[in-house]
Amino acid sequence: MPPSPLHVYLDALVAHTDGATRRLRDPVRFVHRYADPRDAEIAGLLAAGFAYGRVDLFLPVLERLFDALDAGGGPRAFVDGFTPEHAAPFLDLVYRWTRGDDVALLLAGLRVVLAEHGTLEALFAGAGPVRDRLQRAVDTLRAGCLTAAQAQGRGLASPDDLPRGLRYLLASPATGSACKRWHLFLRWMVRPPGDGVDLGLWTVMAPAELLVPVDVHVGRVARFLGLTQRPDASWRTAEEVTASLRAFDAADPVRYDFALAHLGISGACRGHRDAGICPACPLDPVCRAPAKRPTSRRSGR
Ligand code: SF4
């Protein structure tokens, strides 16, 4: 059976996207700094954790954080030898609701967890759906952070007492959210490296098990293409978009994600039909984006 038009044009979008160039404007660029997978997986966790809001605002924050980690021997050496005093170079860091202290406590928790489990990959080992495996990993990381906080005398009784910014870095699928940053991290670790973006460092999970990291850009274009009808950024939406893409590539449905996300990140897609832009977009023949709504005037009341 010949591929559907949507399949053809999605493949064209992927072929049209220069991953090795586009990744310079993507947090995955920090993961590519490290040859050792033990450094790269920690870099991925941190870079994905900050991947919310505007790329041009969080990339400089990450640059500063990774410069500090590199001055301490790289992410893994920094974690293995971490003490609260080592956080001084980035303790004043602020990005929206993430603070330097949240990062410091995360690194302290990682030291606890990695001393027991060896690698982050090991946290995702075992049978079961990705949601269950992610939940176990999040619970383990939050428990490690709690242990570290208690060792610092912070007087916390449960993982729910951890600072809000740290709980946001370690988002839980139990809330029903799309957990976009976790799926981004897993995509980087699990998908094969052929596109110049993902690194394929882990074998504990197959690309077929991944879910699409649904953010505002991906969710919007997915609706334009009929990959989902759901209006929210929920776990169910991530499952629905992934199920639609599985029809085009059952072994690797998430391979479309980077190209879809960068349509929005690059500014190439305005989120509505644009006669100056859409004719050059590979998705134009199958995109059902609405025309731009007229700007509403304020009533002045
Ligand atoms: S609105 Fe235009 S630029 Fe955006 S996905 Fe559709 S065709 Fe492409």
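Look a little higher up for the structure.
Residues numbered from 1 in each chain as written. Predicted model: local features only at pLDDT ≥ 70, side-chain atom pairs only at ≥ 80, totals over all residues.

Grouped together as the largest cluster of nonpolar side chains are 85 residues, with contacts concentrated most on Val31, Ala43, Ala47, Leu107 and Cys145. Among the elements that line this core, the one with the most residues is helix H7 (residues 100–117), at 10 residues. Every residue in contact with Cys145, bar those within four places of it in the chain, is listed here: Leu105, Leu106, Gly109, Leu162 and Leu166. (Core = buried A, V, L, I, M, F, W, Y, C linked by C-beta atoms within 7 Å. Buried ≥ 20, exposed ≤ 12 C-beta atoms within 10 Å, placed from the backbone. Helix = DSSP H or I, 4+ residues; strand = E, 2+ residues; numbered from the N terminus. Contact = placed C-beta atoms within 7 Å.)

Turning our eyes to something else, we now look at unusual backbone geometry. Despite not being glycine, Arg96 has its phi angle at roughly 50 degrees, a positive value. With respect to the element layout, Arg96 can be found in the loop between strand E1 (94–95) and strand E2 (98–99). Positive phi, normally seen in glycine, also occurs at Cys179, with a value near 50 degrees. Along the chain, Cys179 falls in the loop between helix H9 (164–169) and helix H10 (180–190).

Bringing the environment of Leu211 into the picture now. Here Leu211 shows up in the loop between H10 and helix H11 (216–224). Each C-alpha atom of the pair Leu211 and Asp132 lies 13 Å from the other, and the pair is 79 residues apart in sequence. Those residues within four positions of Leu211 in sequence are excluded, and the remaining contacts are Val130, His183, Ala238, Glu239 and Thr242.

Within the fold, Lys180 resides in helix H10. Counting along the chain gives 76 residues from Lys180 to Tyr256, while the straight-line C-alpha distance between them is 15 Å. Filtering out sequence-adjacent residues up to four positions away, Lys180 remains in contact with Pro213, Val214, Asp215 and Ala233.

On to the environment of Arg64. Within the secondary structure layout, Arg64 lies in helix H5 (residues 55–71). Judged by local crowding, Arg64 falls into the exposed class, with 12 C-beta atoms found within 10 Å. Residues Arg64 and Arg131, spaced 67 residues apart in sequence, show a C-alpha to C-alpha distance of 32 Å.

Moving on, we get to the site of the ligand. In the vicinity of the ligand there are 13 residues, among which Cys269, Cys278, Cys281, Cys287 and Ala289 approach most closely. Each residue belonging to the shell around the ligand can be placed in one class, and the counts come to 11 nonpolar, no polar and two charged. (Near = placed C-beta within 6 Å. Nonpolar A, V, L, I, M, F, W, Y, C, P; charged D, E, K, R; others polar.)

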